[in-house]
Amino acid sequence: MSSLKNYLQEMIKRKDLLLYLVKSGLKAEHRNSYLGYFWWLLDPLLNAVVYYFLIVIVLGRGGPDYPVYLITGLVLWRWISSSINSSANAVLRYSSIINQVYLPKAIFPLSFTITQFINFLFGLVVIAVFLIVFGVVPGWDLIYLPYILFVTYIFLLAIGLVLSYFTVFIRDIGNLLTHVIRIFFYASPIIWQDRNIPAKYQWVVDYNPIAKIVNAFRNVLMYHKTPNLGELTVILSISLIIILFMLFYYSRNEHKIIKAL
């Protein structure tokens, strides 16, 4: 465990680099875009219009609260998908730097998950607007929102550390990831309402951590319900174990990354 301790100390020493990577990531993401960070406002809005037309207008489903239901799912999903996609290629993206100077490699997926979390905060503005427009007032359960966001961040960091390491050696993961993320999009109650799911498919929600997070997010914002803290704590505990294991794995196997690059 001494190697893990030394590795963590090395990451702490590089906190200035981490800050620089986060800032550069925020600037680079919208460098060639006229609207910049407004895309974090516009993208979920445009998606909401498309899915609202399809599900409510064409299929005749949904309900009076569906616009808020839809926008909360889409904003949260954008954070999840963008964080997974970006952190998966974090080490590869900085391969030129890695080959020139020693740096703890785990700092790169960490920086990308922080960057995407900051981007997600812009999306919360859209959710707040929808809550106001449609007259949805969160209750005292809103105090659980920071914990839900913390659990989500740790969950995404765990995934990012795993993917960023193994993508270096298996480049096909990047191509496969597109399809896996699409599966989880449709397997989670992002655009469909889980109260309408047939009983034989209930396992899709029961064993899906993303579905648990999305439902907890909506419970405190829309339904005045206390989230299932037990489920969230299980997700948090497993994610923390994965993070510690991966940091230890990074500390012992970073030389393999350099050879693979």
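Here the structure is a predicted model, which is why all the values come from computation and not from measurement.

**A few points about helix α9 (residues 172-187)**
Here's step 1: For α9, with 16 residues, the first-to-last C-alpha span of 23 Å sits near the 22 Å given by 1.5 Å per residue.
Here's step 2: Of the residues making up α9, those classed as buried are I173, L177, I181, F185 and A187.

**What to know about the pattern of salt bridges**
Here's step 1: On inspection of all chains with the given rule, the structure shows three salt bridges.
Here's step 2: A salt bridge links R14 to E10, with the shortest nitrogen-to-oxygen separation between them at 3.2 Å.
Here's step 3: Looking at R14, the relative accessible area reads 26%, which means it is partly exposed.
Here's step 4: A relative accessible area of 18% places E10 in the buried class.
Here's step 5: Notably, a salt bridge pairs K212 with E231, separated by 3.0 Å at the nearest N-O pair. Of this pair, K212 sits in helix α11 (residues 209-223) while E231 sits in helix α12 (residues 229-260), and the two are 19 residues apart along the sequence.
Here's step 6: By relative accessible area, E231 is classed as partly exposed at 31%.

**Here's the deal with the side chain of T72**
Here's step 1: As for its placement among the helices and strands, T72 is situated in helix α4 (residues 66-88).
Here's step 2: A residue is classified by how much of its surface remains accessible, and T72, at 1% relative accessible area, is buried.
Here's step 3: A polar side-chain atom of T72 sits 3.0 Å from the main-chain carbonyl oxygen of V68.
Here's step 4: Within the local environment of T72, its side chain forms a polar contact with the side chain of R218, the two groups lying 3.1 Å apart.
Here's step 5: Setting aside anything within four residues of it in sequence, one finds T72 in contact with I127, F217, R218, L221 and M222.

**So, the packing of α4 against helix α7 (residues 107-133)**
Here's step 1: Where α4 meets α7, the closest approach of the two axes is 9 Å, and the angle between their N-to-C directions is 170°. Of the possible angle classes, the one that applies to α4 and α7 is roughly antiparallel. Two secondary-structure elements touch here, α4 through P67, V68, I71, T72, V75, L76, W79, S82, S83, S86 and S87 and α7 through P109, F112, T113, Q116, F117, F120, G123, L124, V126, I127, F130 and L131.
Here's step 2: Counted by class, the contact of α4 with α7 contains 15 nonpolar, eight polar and no charged residues.

Each value, and the rule that gives it
- Residues numbered from 1 in each chain as written.
- Predicted model: local features only at pLDDT ≥ 70, side-chain atom pairs only at ≥ 80, totals over all residues.
- Heavy atoms only, no water.
- Helix = DSSP H or I, 4+ residues; strand = E, 2+ residues; numbered from the N terminus.
- Expected span 1.5 Å × (residues − 1).
- Buried < 20%, exposed > 50% of the residue type's maximum accessible area, 1.4 Å probe, protein only.
- Salt bridge = Lys/Arg side-chain N within 4 Å of Asp/Glu carboxyl O.
- Polar contact = N/O pair within 3.5 Å; in protein donor to acceptor, adjacent residues only side chain to side chain.
- Contact = heavy atoms within 4.5 Å.
- Axes fitted to C-alpha atoms, helices over the stretch in contact; angles between N-to-C directions.
- Parallel < 35°, antiparallel > 145°, perpendicular 65-115°, else oblique.
- Nonpolar A, V, L, I, M, F, W, Y, C, P; charged D, E, K, R; others polar.

By themselves, these figures tell us nothing about what the structure is for.
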